[in-house]
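Per-entry structural report
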Amino acid sequence: MDQRSIGVFDSGLGGLTAVRELKRVLPTENIIYFGDTGRVPYGTRSDAAIVKYTRQDINFLKRFDVKMILVACGTVSSVGLPVLREEYPGLPLIGVVESASRAAAKATKNGKVAILGTNGTIRSGSYQAELKRICPDVDAIGKACPMFVPLVENGYTDGQVARLIVEEYLEEVLKFGADTIVLGCTHYPLLKKVISEVAGSDVTLIDVGAQAAHLVKEELTERGMLAEEDGSVSYYVSDNVENFATLGSLFLQCEIKEQVEKIDIERF
């Protein structure tokens, strides 16, 4: 038994989709969530900036003596995590790439997988590399979707605006013939309805946040680190508290009743 909290962070609100699944599959766990809302999105930043931000995010969460950190950000999992795992050897760091790639390789029937992600994620080629490692026969392509995060962060998760942008991004993917699409950013599940309508019912969508939450459960179980008491969630942001509480309810699909605290992430 280990009653210490699980740390979760993302560049904004997208990681709350992973928190939602964590709360469902691990209801006894305490969760500390940090959304770097003042510097969102990470996907347009340089690799050096992403590593710097990731280090600060991890250092902030370490203040709470967390037992594990879920990096609920596709960009950080692709660019920052491979570097920073070497800096924090005693702290389990779980990203979204491995579990989502495993799910995609299992789901595809025609061996064609597409990854939708931020510029940083697609530039890294992390999902394609992991898919090839798991299943060499899989043919994977990446498609950068830089407009998806601002769409979601501003509440445009449905309607004509969202549909037009989704149609443009998916044109290449559908021509490729992918039967499985990895939603390679934890913001993207909020566009799942529109993406599914455009892609068609025969295409399987992989939610990276949900897959990562299941990997956290698997890892904690294997390590004997599960908590046994009723869990709670604490929320921290680097910018506007009111906006986070309002939009965060869309990601969590429930109202955020806990106090949200703003912190100066540059101090870490």
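Structure: see above.
A brief report on the enclosed structure follows. Since this is a predicted model, take the numbers as computed values, not measurements.

Turning next to the sheet that holds strand S4 (residues 93-94). In space, the six strands of this open sheet follow the order S4-S3-S1-S2-S9-S10, with parallel pairing throughout. Each edge of the open sheet is held by one strand with a lone partner, namely S4 and strand S10 (260-262). Where strand S1 (residues 6-10) and strand S2 (residues 31-35) come together, five bridges link them in parallel fashion. Counterpart to Asp-10 in the pairing with S2 is Gly-35. Against the sheet, helix H2 (residues 47-62) contacts S1, S2, strand S3 (68-71), S4 and strand S9 (233-237), and its axis sits at roughly 150° relative to S1.

So, on to the packing of aromatic side chains. If you walk through the whole model with that rule in mind, you get eleven aromatic pairs. Aromatic pair Phe-64 and Tyr-236: ring centres 5.3 Å apart, planes at 45°, arrangement tilted. Of the two residues, Phe-64 sits in the loop between H2 and S3 while Tyr-236 sits in strand S9, which places them 172 residues apart along the sequence. Here Phe-64 falls in the partly exposed class, since its relative accessible area comes to 27%. Note on Tyr-236: relative accessible area 13%, which makes it buried. Arranged with centres 5.1 Å apart and planes meeting at 75°, the rings of Phe-148 and Tyr-169 form a pair that is edge-to-face. Of the two residues, Phe-148 sits in helix H8 (residues 148-153) while Tyr-169 sits in helix H9 (residues 160-176), which places them 21 residues apart along the sequence. Residue Tyr-169 is classed as buried on the basis of its relative accessible area, which comes to 11%.

On to the packing of helix H5 (residues 97-107) against helix H7 (residues 126-134). It is the contact of H5 with H7, at a shortest axis distance of 9 Å, that shows an interaxial angle of 55°. As summarised for this structure, H5 and H7 are arranged oblique, according to the angle between their axes. The interaxial crossing formed by H5 with H7 has right-handed handedness. For the pair H5 and H7, contact is made by Val-97, Glu-98, Ala-100, Ser-101, Arg-102, Ala-104 and Ala-105 and by Ser-126, Tyr-127, Glu-130, Leu-131 and Ile-134, respectively. Here the residues of the contact of H5 with H7 are counted per class, giving seven nonpolar, two polar and three charged.

Our focus in this paragraph is the pattern of salt bridges. Applying the stated rule across the entire model yields 18 salt bridges. Arg-39 is paired through a salt bridge with Asp-36; the nearest N and O atoms lie 2.7 Å apart. Across the pair, exposure class does not vary: Arg-39 and Asp-36 are buried alike. Salt-bridge contacts for Arg-55 lead to Glu-87; the nearest nitrogen and oxygen are separated by 2.8 Å. Here Glu-87 lies in the loop between helix H4 (81-84) and S4 and Arg-55 lies in helix H2, a separation of 32 residues in the sequence. Taking relative accessible area as the criterion, Arg-55 reaches 29% and is therefore assigned partly exposed. Here the salt bridges do not stand alone but share partners, grouping Asp-158, Arg-163, Glu-167, Lys-193 and Glu-197 into one network.

What follows deals with the environment of Phe-60. Locating Phe-60 in the fold gives a position in helix H2. Separated by 203 residues in the primary sequence, Phe-60 and Ile-263 have C-alpha atoms spaced 9.3 Å apart. The contacts of Phe-60, once residues within four sequence positions are left out, are Phe-34, Tyr-236, Ile-263, Ile-265 and Phe-268.

Within the largest apolar cluster, 74 residues are counted, with the highest numbers of intra-cluster contacts made by Leu-116, Phe-148 and Ile-181. Of all the elements, H9 adds the most residues to this core, at seven residues. Apart from the residues lying within four places of it in its own chain, the contact partners of Phe-148 are Leu-116, Ile-165, Val-166, Tyr-169, Tyr-188, Leu-191 and Ile-195. Of all hydrophobic cores here, the second largest spans 26 residues; its members include Ile-58, Leu-61, Leu-91 and Ile-265.

The next point concerns the side chain of Thr-17. Within the secondary structure, Thr-17 sits in helix H1 (residues 16-25). At 3.0 Å, the side chain of Thr-17 forms a polar contact with the backbone oxygen of Thr-186. With residues near it in sequence (within four places) discarded, Thr-17 still touches Thr-186, Pro-189, Leu-190 and Phe-251.

Moving on, we come to the environment of Lys-257. Tracing the chain through its elements places Lys-257 in the loop between helix H12 (241-252) and S10. C-alpha separation for the pair Lys-257 and Val-208, spaced 49 residues apart in sequence, amounts to 26 Å.

What counts and what doesn't
- Residues numbered from 1 in each chain as written.
- Predicted model: local features only at pLDDT ≥ 70, side-chain atom pairs only at ≥ 80, totals over all residues.
- Heavy atoms only, no water.
- Pairing = 2+ DSSP bridges.
- Helix = DSSP H or I, 4+ residues; strand = E, 2+ residues; numbered from the N terminus.
- Contact = heavy atoms within 4.5 Å.
- Axes fitted to C-alpha atoms, helices over the stretch in contact; angles between N-to-C directions.
- Phe/Tyr/Trp six-rings, centres within 6.5 Å; stacked < 30°, edge-to-face > 60°.
- Buried < 20%, exposed > 50% of the residue type's maximum accessible area, 1.4 Å probe, protein only.
- Parallel < 35°, antiparallel > 145°, perpendicular 65-115°, else oblique.
- Left-handed = near helix turned anticlockwise from the far one by under 90°.
- Nonpolar A, V, L, I, M, F, W, Y, C, P; charged D, E, K, R; others polar.
- Salt bridge = Lys/Arg side-chain N within 4 Å of Asp/Glu carboxyl O.
- Core = buried A, V, L, I, M, F, W, Y, C linked by side-chain atoms within 4.5 Å.
- Polar contact = N/O pair within 3.5 Å; in protein donor to acceptor, adjacent residues only side chain to side chain.

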